[in-house]
Amino acid sequence: MLILYVKTGCFHCRKVLDTAKELSISFEEKNIADSTVAAELVARGGKRQVPYLVDADRNTEMYESEDIAAYLREHYVHSSP
Ligand SMILES: N[C@@H](CCC(=O)N[C@@H](CS)C(=O)NCC(=O)O)C(=O)O
């Protein structure tokens, strides 16, 4: 399961969401506008910065939109039949 921490109006989040759309990937989106979610992000990753990806299936978590987009392209590009 993929979780993406985001914030409304965040340009870097938009870039990741656009890449995900292009690759037909969906996330559970968690918005740090909710202070509980923001606290959860800081506890999890160490800082309040979005986007932040959690890939529970691969025990992988990361900040940085370009790293997240590259990760999705590497692990979640499905070839057409
Ligand atoms: N280099 C980072 C920049 C991320 C960034 O600047 N995120 C902003 C929102 S677009 C942020 O988390 N700001 C802290 C906050 O809004 O609380 C990336 O590309 O992901």
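Look up: the structure comes first, before these words.
Residues numbered from 1 in each chain as written. Predicted model: local features only at pLDDT ≥ 70, side-chain atom pairs only at ≥ 80, totals over all residues.

Q: Would you mind showing me how to read the packing of helix H1 (residues 11–22) against helix H3 (residues 65–75) here?
A: The geometry of H1 relative to H3 is characterised by a closest axis approach of 9 Å and an angle of 10° between their N-to-C directions. With respect to H3, the axis of H1 lies roughly parallel. Where H1 abuts H3, its residues His 12, Lys 15, Val 16, Thr 19 and Ala 20 lie against Ser 65, Ile 68, Ala 69 and Leu 72. Looking at side-chain class alone, the contact of H1 with H3 contains 5 nonpolar, 3 polar and 1 charged residues. (Axes fitted to C-alpha atoms, helices over the stretch in contact; angles between N-to-C directions. Helix = DSSP H or I, 4+ residues; strand = E, 2+ residues; numbered from the N terminus. Parallel < 35°, antiparallel > 145°, perpendicular 65-115°, else oblique. Contact = placed C-beta atoms within 7 Å. Nonpolar A, V, L, I, M, F, W, Y, C, P; charged D, E, K, R; others polar.)

Q: What is the right way to read the environment of Glu 64 from this model?
A: Of note, Glu 64 is situated in the loop between strand S4 (60–63) and H3. The sequence separation of Glu 64 and Pro 51 amounts to 13 residues, and the corresponding C-alpha distance is 6.6 Å.

Q: Help me out: how do you make sense of the environment of Phe 11 in this one?
A: Note on placement: Phe 11 falls in helix H1. Sequence separation between Phe 11 and Pro 51 is 40 residues; the distance between their C-alpha atoms is 9.4 Å.

By themselves these figures say nothing about function.
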